[in-house]
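# Coordinate inspection notes
Listed here are the chains, written in short residue letters.
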Amino acid sequence: MADQVVNIYEKKAEEMTAIHIITKKDKFEQTEGGFVSLDYDGVHYDRIKVIRLFPFSDADKFISIREYGNGEREIGIIEDLSEMSEETRKILEKQLNLRYFTPIIEKIYSIKDEYGYAYFHVLTDKGECKFSINMGSNAVTKLSDTRLIIQDVDENRFEIRDVEKLTQKEKRMLDLFL
């Protein structure tokens, strides 16, 4: 009996850690509702989630395809988006663009620190914006000496591509985070 239990757990662990590669023979389709479905290995998934495993360093490689809901279990990985058909690439790129929408901060008007939150008023490449971050979290991530990603309390991302291109006044406002 104990051996059967161990075998069940070993099999589950093996299934959970197995890597499945999705190739151009697998079929992605845009649904009427604007979602994406997938036919993979004889199974139809009505709705999937598309996630970059390396969003900043290798954005079009190692794309994780996951079930929507159901614990977001990984179905498989696309090793290189460029190896997929043009139609599939367009469908997946549209999903990725929605998921990884990241306005570029071009100017900082103000940053106010109140009650553990920082309130930003900025100009982005998509227009003027106000957002807040929790000062107690890791909301500001340095991707390099000059590049920052800022995640607000609603999990929206903003990017500063080059801190050195900001004015001295703008850099002083950012001193709390550098």
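Here goes a summary of the coordinates provided.

### Points about the sheet that holds strand β4 (residues 48-52)
Adjacent strands of a sheet form backbone hydrogen bonds with each other and so pair up, either parallel or antiparallel. Within the open sheet, the three strands sit side by side as β4-β5-β6. Their pairing is antiparallel. Edge positions in the open sheet fall to β4 and β6 (74-80), since each of these has one partner strand only. Averaged over all pairs of adjacent strands, the angle between their axes in this sheet comes to 25°, without regard to strand direction. Pairing of β4 with strand β5 (residues 61-67) involves five bridges; the strand directions are antiparallel. Directly across from valine 50, in β5, lies its bridge partner isoleucine 65. This element, helix α2 (residues 86-99), spans β4, β5 and β6 of the sheet and lies at about 70° to β4.

### Here we look at a nonpolar patch on the surface
A cluster of nonpolar residues, Leu53, Phe54 and Phe62, forms a patch on the protein surface that exposes about 250 Å² of accessible area. When you line up the elements, phenylalanine 54 lands in the loop between β4 and β5. Given a relative accessible area of 41%, phenylalanine 54 falls into the partly exposed group.

Conventions used here
- Residues numbered from 1 in each chain as written.
- Predicted model: local features only at pLDDT ≥ 70, side-chain atom pairs only at ≥ 80, totals over all residues.
- Heavy atoms only, no water.
- Pairing = 2+ DSSP bridges.
- Helix = DSSP H or I, 4+ residues; strand = E, 2+ residues; numbered from the N terminus.
- Axes fitted to C-alpha atoms, helices over the stretch in contact; angles between N-to-C directions.
- Contact = heavy atoms within 4.5 Å.
- Patch = residues over 30% accessible without salt bridge, like charges linked within 9 Å, V, L, I, M, F, W, Y side chains within 5 Å.
- Areas by Shrake-Rupley, 256 points an atom, 1.4 Å probe, with all protein chains shown as cover.
- Salt bridge = Lys/Arg side-chain N within 4 Å of Asp/Glu carboxyl O.
- Buried < 20%, exposed > 50% of the residue type's maximum accessible area, 1.4 Å probe, protein only.

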